[in-house]
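Overview (structure and organization)
If you want the building blocks of each chain, they are given just below.
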Amino acid sequence: SQLAEENPWALSVHEGESVTVNCSYKTSITALQWYRQKSGEGPAQLILIRSNEREKRNGRLRATLDTSSQSSSLSITATRCEDTAVYFCATDARNNNRIFFGDGTQLVVKP
Amino acid sequence: EAAVTQSPRNKVAVTGGKVTLSCNQTNNHNNMYWYRQDTGHGLRLIHYSYGAGSTEKGDIPDGYKASRPSQENFSLILELATPSQTSVYFCASGAGHQNTLYFGAGTRLSVL
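Predicted, not measured: the structure shown is a model, and the values here were computed from it.

Some thoughts on the pairing of strand S5 (residues 42-49) of chain B
Residues and elements named next belong to chain B. Among the eight residues of S5, seven are classified as buried, and the element is accordingly described as predominantly covered. Of the pairings in the sheet, the one linking strand S4 (residues 31-38) to S5 comprises seven bridges and is antiparallel in character. Note that in S5 the partner of Tyr35 across the bridge is Leu45. Looking at chain direction, S5 and strand S6 (residues 56-57) are connected through two bridges and run antiparallel. Paired with His47 across the two strands is Lys57, which belongs to S6. As consecutive antiparallel partners, S5 and S6 are separated by six residues, and within that stretch Gly53 has a phi angle of approximately 90°, a positive value.

Overview of the sheet that holds strand S1 (residues 4-7) of chain A
Residue and element names in this part refer to chain A. Taking strand neighbours across the sheet as the criterion, the five strands line up as S1-S3-S8-S7-S6 in an open arrangement whose pairing is antiparallel. Looking at which strands have only one partner, the edges of the open sheet turn out to be S1 and strand S6 (55-58). Each strand of the sheet is rotated relative to its neighbour by a mean of 15°, with strand direction disregarded. Sheet analysis places S1 next to strand S3 (residues 19-25), joined by four bridges and oriented antiparallel. Counterpart to Asn7 in the pairing with S3 is Asn22.

Brief notes about the state of the cysteines
Residues and elements named next belong to chain A. Inspection of every chain in the model, using the stated rule, returns two disulfides over all chains. In this model Cys23 forms its disulfide with Cys89; the gap between the sulfur atoms is 2.1 Å. Between Cys23 and Cys89 the sulfur-sulfur dihedral comes to about 70°; the bridge is accordingly right-handed. With Cys23 in strand S3 and Cys89 in strand S9 (residues 85-93), this residue pair connects regions lying 66 residues apart in the sequence. By relative accessible area, which is 2% here, Cys23 ends up buried.

Some thoughts on the interface of chain B and chain A
On the side of chain A, 24 residues touch chain B, which itself brings 25 residues to the contact. For the pair chain B and chain A, the summed buried surface comes to about 1,800 Å²; carbon and sulfur atoms form 47% of the total. Linking chain B with chain A are one salt bridge, by the criterion used here. A salt bridge links B:Asp59 to A:Arg98, with the shortest nitrogen-to-oxygen separation between them at 2.2 Å. There are six residue pairs in polar contact (both at pLDDT 80 or more) connecting chain B and chain A. Broken down by secondary-structure element, the contributors of at least two residues to the side of chain B that touches chain A are S4, S5 and strand S10 (101-103) of chain B. Its residues assigned to classes, the side of chain B that touches chain A shows ten nonpolar, twelve polar and three charged.

Here is what the cut-offs are and how they apply
- Residue numbers run consecutively from 1 along every chain, following the written order of its sequence.
- Labels follow written order: the first chain is A, the first ligand is 1, and so on.
- Local features in this predicted model are restricted to residues of pLDDT 70 or higher, and side-chain atom pairs are both shown and tallied only at a pLDDT of 80 or more, whereas totals for entire chains, interfaces and linings draw on every residue.
- Side-chain measures were taken over the full set of non-hydrogen atoms in the model, leaving aside hydrogen atoms and water.
- Any residue under 20% of the maximum accessible area for its type is buried, any over 50% is exposed, and the rest in between are partly exposed; the area is computed with a 1.4 Å probe on protein chains only.
- Counting from the N terminus, the helices are DSSP H or I runs at least four residues long and the strands are E runs at least two residues long.
- Between any two strands, at least two bridges found by DSSP are needed for them to pair.
- An axis is simply a line fitted to the C-alpha atoms; with a helix, the fit covers only the stretch in contact. Between two such axes, the angle follows the N-to-C directions and lies from 0 to 180 degrees.
- What counts as a disulfide here is a pair of cysteine sulfur atoms lying within 2.5 Å.
- By the convention used here, residues are in contact when the closest approach between their heavy atoms is within 4.5 Å.
- In short, buried area is how much 1.4 Å probe accessible area vanishes from two parts on joining, totalled over both.
- In what follows, salt bridge is the name for a side-chain nitrogen of Lys or Arg lying within 4 Å of a carboxyl oxygen of Asp or Glu.
- Any pair of nitrogen or oxygen atoms within 3.5 Å is treated as a polar contact; in protein, a donor-acceptor pairing is required on top of that, and neighbouring residues in sequence qualify only through side-chain atoms on both sides.
- Think of it as three bins: nonpolar holds Ala, Val, Leu, Ile, Met, Phe, Trp, Tyr, Cys and Pro, charged holds Asp, Glu, Lys and Arg, and polar takes everything else, Gly as well.

In structure tokens, the structure reads:
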């Protein structure tokens, strides 16, 4: 079974709207990362939030982390067409350097 | 800026043939990773390495070998390629625990 899982599987919004992707994970972590993968490219990190942090911002992006419920969210405000991508959450494990990815959420931002 | 370069970008191989995918990083990161990505499965870890000379099995190592001859280079080897190994392969590097992974652009492999 997967250690990290995003939901929903897919989202579609219009430019300017806000959107939230959720992540649930199953292992004790030291940090959770959010990545974005545009078509034809490798994933690129958006935000890293450590287990002692509850919220992290990066421009229009805001990530939250709730270690008690083992969940995280990534919110994007004022979406743009170029935000169209697959969004992954990724968790580490406390005792090694492995990073576990979910299957991703496909976000489409329409003009 | 961090740089991870994969070669080749595209590869067509025959069943039973040997395939080597190469990855080079200029980040001086200790850790390197090989993932494969298939529709509906996200990124699955094949092999990873903590440094030159070390390789570790990931979640789906069967049918793959890895080699880390230097800090900069990490190869993925398919000794006997099969059609089920048709996929997109990504290499990544990272400085260590809690650190960002930097990905290459991927290698699209088709095994016919």
